[in-house]
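# Inside the fold
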Amino acid sequence: MRYLIWTILFFSPILNFAQTLETFAGTGIPGLLNGPADEARFSGPEQTAVDQEGNVYVCDLFNHVIRKIDLNGEVTTFAGSGIEGDQLGQKETAQFYKPSGITFDDSGNLYVVDKNNNKIKVIRPNGMVEWVAGSGQAGYADGSVESAMFNQPTYICIDEFNNLYLAGNNDNRIRKIDLSTQTVSTFAGSGIQALQDGVGTSASFFLPQGIAIDQDNNIYVGDRNNNAIRKITPDQVVTTLAGNGGAGFADGPGEQAKFNGPKGLTVDSAGNVYVADRLNFVVRKIDTEGVVSTIAGTPGISGYLDGEYSTGNLIGRAVNVICFQDQSLLVSDWTNETIRKLLPNPFTETEELELPPNKTVKISPNPCSDILRIEGQLGEQFQITLSNINGQVLKQEENTTSIHLNGFLPGIYFLQILGENYLNVEKVVIK
């Protein structure tokens, strides 16, 4: 039999499978130290945000400050004195108490979840820190922003109408702050610790901590103790996007996938959701078909190792992930006191590879997600084999032109086509 061997890189659509992990800022040693990114120190980095120029801001939880990483990789203290407290005013002298969540509006206002003060604050472009909502008393109460109570809220996001949404943590609810009416309401959640879908307050969560929003104003929640990712539509309909309530690790369709204490998450422009799967020490992807895959880290192993995912890399407790300006992801690595960066695969164009004269194999599109299709005349009898870089056969199919890739980790694989008419292959289509 004649044969064709061709190397394929498997990646995901739009944002790609982030192939290489590197340290963006931090040394791995806890502390409060400014300077070049590779010398700076953090202590409990939590939710991050990016301004319109591409500067990165980090909630530095145990240092009680907001840090800034500029375009030159210089780390500074953007706001907070470093002393826990509840002081408003100039950002250099203002005080926070374990700030955990941040988000920007279109005017450059940076909203801060001041977790242990049970308040929401804002850092104005003029450098003033102002109070936004919360009486400061731990509890649960809707109403005016002055009388509303929160109970250690964690992360925050903002919609196109400048409404703020908070993951409620200890009150097991998602709260909404309407800045135009200066009121706080419960957007979703009964307060009961349960995994229950429904509408608004008929749904239930269990320690929701991560929160993100897509371009259609759908909200996604890292429902930590339910080990699930939840989705809330603008009409307040709550569904379970992925996870079945049981702690564990499993990729695959959303209802079969398992997480272990997921927290922060983000959504790309195509609708793919990326999750910091905290106690599995990995970053996961939920594609637009609801299929879960792992894109960084080694499941169940906490560590600190940069490099390509195909050859193994390690993350500690990943607590948050955001989309960055160059289609990469930034991961808050709580254990290692660093911000890690997941770089996308560089191959984003359709490629043509040279075969014998006048023959080509095309990838269209590249990258891929779950199905490899081969188009052309392969004859009546042929065999397709997929192997890893160590030569181990992972999948072998006969007389079929579609191969399902569910469960394949991103990396380098070898495609082998055995058959008399292999030269008639017109292209390989990966979708």
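Look above for the structure.
Residues numbered from 1 in each chain as written. Predicted model: local features only at pLDDT ≥ 70, side-chain atom pairs only at ≥ 80, totals over all residues. Heavy atoms only, no water.

### Describing the environment of Ile69
With respect to the element layout, Ile69 can be found in strand 6 (residues 65–69). Given the relative accessible area of 1%, Ile69 is considered buried. Considered as a pair, Ile69 and Val50 are 19 residues apart in the sequence and their alpha carbons are 9.5 Å apart. With near-sequence residues (within four places) excluded, Ile69 lies in contact with Phe24, Ala25, Phe42, Asn55, Val56, Val58, Glu74, Val75 and Ile339. (Helix = DSSP H or I, 4+ residues; strand = E, 2+ residues; numbered from the N terminus. Buried < 20%, exposed > 50% of the residue type's maximum accessible area, 1.4 Å probe, protein only. Contact = heavy atoms within 4.5 Å.)

### A word on the sheet that holds strand 10 (residues 110–114)
Pairing is antiparallel in the open sheet, where five strands are placed in the order 8-12-11-10-9. On the outer flanks of this sheet lie strand 8 (89–90) and strand 9 (99–104), each paired with one strand and no other. Pairing geometry for strand 8 and strand 12 (residues 128–133), over two bridges, is antiparallel. Looking at the pairing, Gln90 lines up with Met128 of strand 12. (Pairing = 2+ DSSP bridges.)

### Here we look at the packing of aromatic side chains
Within a pair of aromatic rings, the relevant descriptors are the distance that separates the centres and the angle that separates the planes. This structure, assessed with the given rule, holds five aromatic pairs. Consider the rings of Tyr57 and Phe104, whose centres lie 5.1 Å apart with planes at 70°: the pair is edge-to-face. Of this pair, Tyr57 sits in strand 5 (residues 56–60) while Phe104 sits in strand 9, placing them 47 residues apart in sequence. For Phe104, a relative accessible area of 18% gives the class buried. Relative to Phe187, the ring of Tyr165 has its centre 5.1 Å away and its plane inclined at 70°; by these criteria the two rings are edge-to-face. (Phe/Tyr/Trp six-rings, centres within 6.5 Å; stacked < 30°, edge-to-face > 60°.)

### Focus: the pairing of strand 19 (residues 208–213)
When you tally the buried positions in strand 19, you get six out of six residues, the bulk of the element. Across five bridges, strand 19 lies against strand 20 (residues 219–223) in antiparallel orientation. Residue pairing for strand 20: Gly210 is matched across the bridge by Gly222.

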